[in-house]
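Chain by chain, the residues run as shown.
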Amino acid sequence: MTAMLTDIPPSLLLFAGALITMLLRGRARNIFLVVLPAYTFWHISQLSFSEGPKMEFLPTFDALEPLRVDKLSKAFGYIFTLNAAVAFLFAFYVKKAFQHVWALVYIGAALGVIFAGDLITLYVYWELMAISSAFVIIARNTLRAKQATFRYVMVHIFGGLLLLAGIVMTVSSSGSIAFDSFDYADANLGTWLILAGFLVNAAAPLFSSWLSDAYPEASVTGGLILSAYTTKTAVYTLLRGFPGWEPLMVIGCVMAVFGIMYALLENDMRRILAYSIINQVGFMVCAAGIGTKMAIAGAVAHAFCHIIYKSLLWMSAGAVLYRTGKSRCTDLGGLYKTMPWTLLFGGIGALAISAVPLTSGFTSKTIIIAATEHEKLFWIWLILELASAGVFLHAGIKFPYFVFFNQDKGLRPKEAPKTMLWAMGILAFLCIWLGIRPQMLYDILPYAVDYKAYTASHLVTQMQLLMFSALVFFLFLPLLKRTATISLDVDWFYRKGGVAFYRLMDKSLNGINAKVADVIAVRYTAWLGRFLRTAPAEILGGLLVPYWMGIGLNSDEIAGRKAKLVLRAKRGAFPVGITACLAVMMLAIIYLVALA
Amino acid sequence: MAQQKKEFDWFDRPSSRRLLWRLLWGACALSVVAELFVHRHPYFGIDGIFGFYALLGFIGCTVMILLEKGLGKWVKRSEDYYNDHIEDDVIPEDIDDGHAD
């Protein structure tokens with residue numbers, strides 16, 4: 001029995017749960033939604049590292065492997081389910097099932113990708129993730145959410161097509177559908193396309209705006225759930241498939257800096273957090289590019305801790321949005337007076353993301369930086385250290401400062417509901433627990449790490465970096481004053497470009513269409529109609545002119561007769577004599593033709 | 001004593017702000033002074049300079065903020081740039097209406 005139970009892919013548990021969720025109501029549904037991911041967490045812990053079940057696919061292909069269990073997939077499985085359980089506790093206030101059903105499908109699909117051992121299974125789950133996450137966004141049911149979902153779907157269709165093209169080329173050239181690490185030395189168009197497909201979901205430069213565009217338009221819970229899975233699934237696929245691909249180091253560094261710049265510019269608190277995801281994922285993408293055991297282990301540790309503190313930050317922002325209905329920094333401020341617990345927990349998340357000692361960021365992100373030191377990658381190291389300082393600026397201080405302190409805007413919301421506080425409390429506890437006792441986390445990493453976070457030297461340098469960053473923030477505070485503005489991102493190209501393209505197509509193609517319609521339907525048809533109406537009489541009149549001239553009529557009389565003839569022809573009202581005459585003439589012509 | 005409902009406004013007081021500023025300067029100074037007492041093992045040479053991380057944090061963040069201001073001049077737009085602020089007054093379903101808890 002247990003042998004059979006451990007053959008069940010964790011994703012199927014959540015898919016089944018999505019069906020059951022539709023049948024449940026009220027409190028029972030809320031409790032079920034927390035218990036299900038918690039049970040799936042336990043289920044994952046019971047999965048053995050032995051060869052998983054195989055499913056026959058097409059005759060010429062290898063069998064599908066929907067459940068590949070190793071330390072890498074298990075580590076992501078743990079954090080995905082743990083985060084889901086706490087997120088659904090936070091979401092106790094949600095009355096409708098729609099969003100939760102799609103969230104379960106989405107999380108299940110993310111688990112499907114994590115445990116997929118072959119490219120076909122991976123692709124199917126990959127697309128299911130894109131579809132289900134779109135429903136999570138659209139569930140907020142505002143016009144802006146619908147428009148953002150449309151753009152989100154377009155970008156992910158593009159990314160999915162890149163991935164599909166890459167898979168088709170790779171499978172047809174190598175003959176294998178297995179998803180293992182690709183060799184950088186043998187890079188070809190197929191593997192580059194797969195990498196591009198993964199990078200779209202990782203929010204890499206030029207493909208990042210779907211994230212900062214769509215996530216902040218999702219509901220309070222929707223944004224929270226979305227923040228954890230799509231990008232981190234992409235990180236997993238990069239760690240699995242592309243370790244040591246050097247361009248990823250550069251891409252990761254660009255992401256880390258780009259995220260900071262835009263998070264500093266942004267006014268909407270949830271958009272600050274969205275850009276902050278890009279910054280954090282940059283560290284992980286960079287680690288995949290370094291590709292050493294230490295870097296990979298560091299990226300997994302960082303992903304694990306990042307999901308916890310980033311969820312915590314989205315929860316505190318969500319609680320504020322839930323209570324005030326506002327998410328712009330220019331509308332918020334002074335909330336420490338009435339939402340102290342939300343501030344406390346959100347503050348712990350802010351400290352953790354900044355890698356302050358005694359928090360989980362300090363014991364995880366710093367492994368990646370240590371890996372750059374070991375590999376003597378000076379520029380990568382320098383940029384990641386700068387980005388670490390920048391994280392403290394935008395997420396560590398800016399977010400809590402402008403929301404909870406700054407200028408009192410007269411808002412006096414109630415403290416967040418109890419279930420929200422419990423969820424935040426659990427994650428805040430984990431942030432500190434993993435900061436003090438990281439060994440538990442280190443034990444589940446794919447490679448053993450020989451890393452000591454707490455050395456005197458490390459503590460001093462980290463505190464110098466952070467304290468002086470904080471000093472700069474407060475010295476430059478007048479410069480950082482929020483403005484009620486948005487910042488143009490890559491989405492400008494398809495938002496404005498899309499409209500321009502539409503106008504261009506409208507002007508050109510519809511212009512041609514209109515011209516053709518005018519010429520054919522209006523002018524030509526009218527001309528044909530006129531021709532058919534008047535031509536026979538005109539021709540007849542023309543033929544009769546020599547006859548009329550023969551019988552001695554002058555030009556005025558001829559014109560008069562001709563006009564009369566045309567008028568009669570139009571009315572179809574010839575005197576019988578003329579009709580009979582015409583018929584005789586016709587017969588005569590036919591007779592003559594026949595004779596000839 | 002009668003004002004038991006007086007709001008907690010410690011962070012708004014000028015005296016508290018002065019105290020926080022002093023604490024921040026103090027923490028900065030302490031972090032640099034502490035470096036005298038630890039044995040560092042630099043990897044690149046440049047990171048062995050005394051107070052390197054303090055300088056990195058200070059200069060790095062200053063540069064980033066100035067870059068952000070420059071970038072802002074270029075990419076900042078008004079909120080209705082995309083003409084999608086048409087329903088700003090609509091309260092989405094997921095906002096607490098003040099009654100539910």
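See the structure above.
Criteria and thresholds
Residues numbered from 1 in each chain as written. Chains lettered and ligands numbered in written order. Predicted model: local features only at pLDDT ≥ 70, side-chain atom pairs only at ≥ 80, totals over all residues. Heavy atoms only, no water. Helix = DSSP H or I, 4+ residues; strand = E, 2+ residues; numbered from the N terminus. Rg over C-alpha atoms; globule rule 2.2 N^0.38 Å. Buried < 20%, exposed > 50% of the residue type's maximum accessible area, 1.4 Å probe, protein only. Contact = heavy atoms within 4.5 Å. Areas by Shrake-Rupley, 256 points an atom, 1.4 Å probe, with all protein chains shown as cover. Lys, Arg positive; Asp, Glu negative; His and termini not counted. Charge placed at Lys NZ, Arg CZ, Asp CG, Glu CD. Buried area = accessible area lost by both parts, 1.4 Å probe. Salt bridge = Lys/Arg side-chain N within 4 Å of Asp/Glu carboxyl O. Polar contact = N/O pair within 3.5 Å; in protein donor to acceptor, adjacent residues only side chain to side chain. Nonpolar A, V, L, I, M, F, W, Y, C, P; charged D, E, K, R; others polar. Pairing = 2+ DSSP bridges. Patch = residues over 30% accessible without salt bridge, like charges linked within 9 Å, V, L, I, M, F, W, Y side chains within 5 Å. Expected span 1.5 Å × (residues − 1). Bend = angle between axes of the 7 residues up to and from the residue. Phe/Tyr/Trp six-rings, centres within 6.5 Å; stacked < 30°, edge-to-face > 60°. Core = buried A, V, L, I, M, F, W, Y, C linked by side-chain atoms within 4.5 Å. Domains from an automatic or database assignment. Disulfide = S-S within 2.5 Å.

Enquirer: When you look at the overall build of chain A in this model, what are you seeing that I'm missing?
Expert: In terms of helices and strands, chain A carries 22 helices and one strand. Compactness check: chain A gives a C-alpha radius of gyration of 36 Å against a globular reference of 25 Å for 596 residues, more than 25% above the reference. With respect to the principal axes defined by its C-alpha atoms, chain A has extents near 130 × 65 × 55 Å. Out of the 596 residues belonging to chain A, those deemed buried represent 58%. In chain A, the share of contacts with a sequence separation of at least 24, taken over all contacts with a separation of at least 6, comes to 82%. Total accessible area on chain A stands at roughly 23,900 Å², and carbon and sulfur atoms take up 70% of it. Charge-centre separation for chain A: the mean point of 48 positive side chains lies 15 Å from the mean point of 31 negative side chains.

Enquirer: Would you mind showing me how to read the interface of chain A and chain B here?
Expert: In this complex, chain A contributes 72 residues to the contact, which on the side of chain B involves 61 residues. When chain A packs against chain B, close to 6,400 Å² is buried across both sides, 66% of that on carbon and sulfur atoms. It is Arg-144, Gln-464 and Ile-486 of chain A that lose the most area in chain A upon contact with chain B, and together they represent 10% of the buried surface on that side. Counting across the interface, chain A meets chain B through three salt bridges. The shortest N-O distance in the salt bridge between Lys-337 of chain A and Asp-12 of chain B comes to 2.5 Å. Along the contact surface separating chain A from chain B lie 16 residue pairs in polar contact (both at pLDDT 80 or more). When residues of the side of chain A that touches chain B are traced back to their parent elements, those giving at least two are α7 (143-174), α11 (247-265), α13 (293-324), α15 (360-374), α16 (378-404), α19 (456-475), β1 (485-487) and α20 (491-550) of chain A. Per-element accounting of the side of chain A that touches chain B gives the leading share, 15 residues, to α19 of chain A. When its residues are assigned to classes, the side of chain A that touches chain B shows 38 nonpolar, 17 polar and 17 charged. In this sheet, strand β1 (residues 76-78) of chain B lies alongside β1 of chain A in antiparallel orientation, the contact comprising three bridges. In the strand pairing of β1 of chain B, Ser-487 of chain A is matched with Lys-76 of chain B.

Enquirer: Even after reading the chapter, I still don't get a nonpolar patch on the surface, so can you show me in this structure?
Expert: Judged by side-chain polarity, Leu-509, Ile-512, Val-516, Val-519, Ile-520, Tyr-524, Trp-527, Leu-528, Phe-531 and Leu-532 of chain A come together as a nonpolar surface patch covering roughly 960 Å² of accessible area. With respect to the helices and strands, Ile-512 of chain A occurs in helix α20.

Enquirer: Even after reading the chapter, I still don't get the side chain of Ser-133 of chain A, so can you show me in this structure?
Expert: Residue and element names in this part refer to chain A. Looking at the secondary structure, you find Ser-133 in helix α6 (residues 119-138). Taking relative accessible area as the criterion, Ser-133 reaches 0% and is therefore assigned buried. Every residue in contact with Ser-133, bar those within four places of it in the chain, is listed here: Tyr-106, Tyr-152 and Leu-226.

Enquirer: Explain α15 of chain A to me, please; I cannot follow it from the model alone.
Expert: Helical geometry note: an α-helix holds 3.6 residues per turn, so side chains three or four residues apart project in the same direction. Residues and elements named next belong to chain A. Between its terminal C-alpha atoms α15 stretches 22 Å, which fits the 21 Å expected from 15 residues at 1.5 Å a residue. The sharpest bend along α15 comes to roughly 30 degrees, located at Ile-367. With 14 of its 15 residues buried, α15 lies for the most part within the structure. One or two positions beyond α15, positive phi appears at Lys-376, with a value near 60 degrees.

Enquirer: Looking at this structure, I do not really get the packing of aromatic side chains. What am I missing?
Expert: Centre-to-centre distance and the angle between the planes together describe a pair of aromatic rings. Under the criterion given, the structure shown has 52 aromatic pairs over all chains. Judged by centre distance (5.9 Å) and plane angle (35 degrees), the rings of Phe-158 of chain A and Phe-207 of chain A are tilted. Here Phe-158 of chain A, found in helix α7, pairs with Phe-207 of chain A, found in the loop between α8 (189-201) and α9 (209-214); they are 49 residues apart in sequence, far enough to count as distant. Since its relative accessible area comes to 39%, Phe-158 of chain A is described here as partly exposed. Taking 5.4 Å as the distance between ring centres and 90 degrees as the angle between the ring planes, the aromatic pair formed by Phe-52 of chain B and Tyr-53 of chain B counts as edge-to-face. In this pair, the class of Phe-52 of chain B matches that of Tyr-53 of chain B, namely buried.

Enquirer: Help me understand the nonpolar core in this model?
Expert: The nonpolar side chains of a soluble globular protein tend to be buried, and buried together. All names here are of chain A. Within the largest apolar cluster, 213 residues are counted, with the highest numbers of intra-cluster contacts made by Phe-76 and Leu-238. There are two domains that each give this core at least three residues, and those are domain 1 (10-241) and domain 2 (243-481). Filtering out sequence-adjacent residues up to four positions away, Phe-76 remains in contact with Ile-114, Lys-232, Val-235, Tyr-236, Leu-239, Val-300 and Ala-303. Of all hydrophobic cores here, the second largest spans six residues; its members include Leu-540, Leu-544, Trp-548 and Ile-558.

Enquirer: How do you make sense of the state of the cysteines when you look at a structure like this?
Expert: One covalent bond between the sulfur atoms of two cysteine residues makes up a disulfide. A complete count under the given rule lists zero disulfides over all chains for this structure. Cys-286 of chain A takes part in no disulfide bond, and the closest cysteine sulfur to it belongs to Cys-253 of chain A, at a distance of 4.0 Å. Note on Cys-329 of chain A: no disulfide assigned, nearest cysteine sulfur contributed by Cys-61 of chain B at a separation of 18 Å.

Enquirer: I keep staring at the pattern of salt bridges and nothing clicks. Help me out?
Expert: Where charged atoms of side chains with opposite charge meet at close range, the side chains can pair. Counted by the stated rule, this structure contains 17 salt bridges over all chains. Across the pair Arg-144 of chain A and Glu-217 of chain A runs a salt bridge, and its minimum N-O distance is 2.8 Å. Note that Arg-144 of chain A is positioned in helix α7 and Glu-217 of chain A in the loop between α9 and α10 (220-241), a separation of 73 residues in sequence. Here Glu-217 of chain A falls in the buried class, since its relative accessible area comes to 7%. The partner of Arg-151 of chain A in a salt bridge is Asp-213 of chain A, and the shortest N-O contact between them spans 2.7 Å. You can see Arg-151 of chain A sitting in helix α7 and its partner Asp-213 of chain A sitting in helix α9, a full 62 residues away along the chain. Like Asp-213 of chain A, Arg-151 of chain A is buried. Here the residues in one salt-bridge network are Lys-337, Asp-408 and Arg-412 of chain A together with Glu-7 and Asp-12 of chain B, joined through shared partners.

By themselves these figures say nothing about function.
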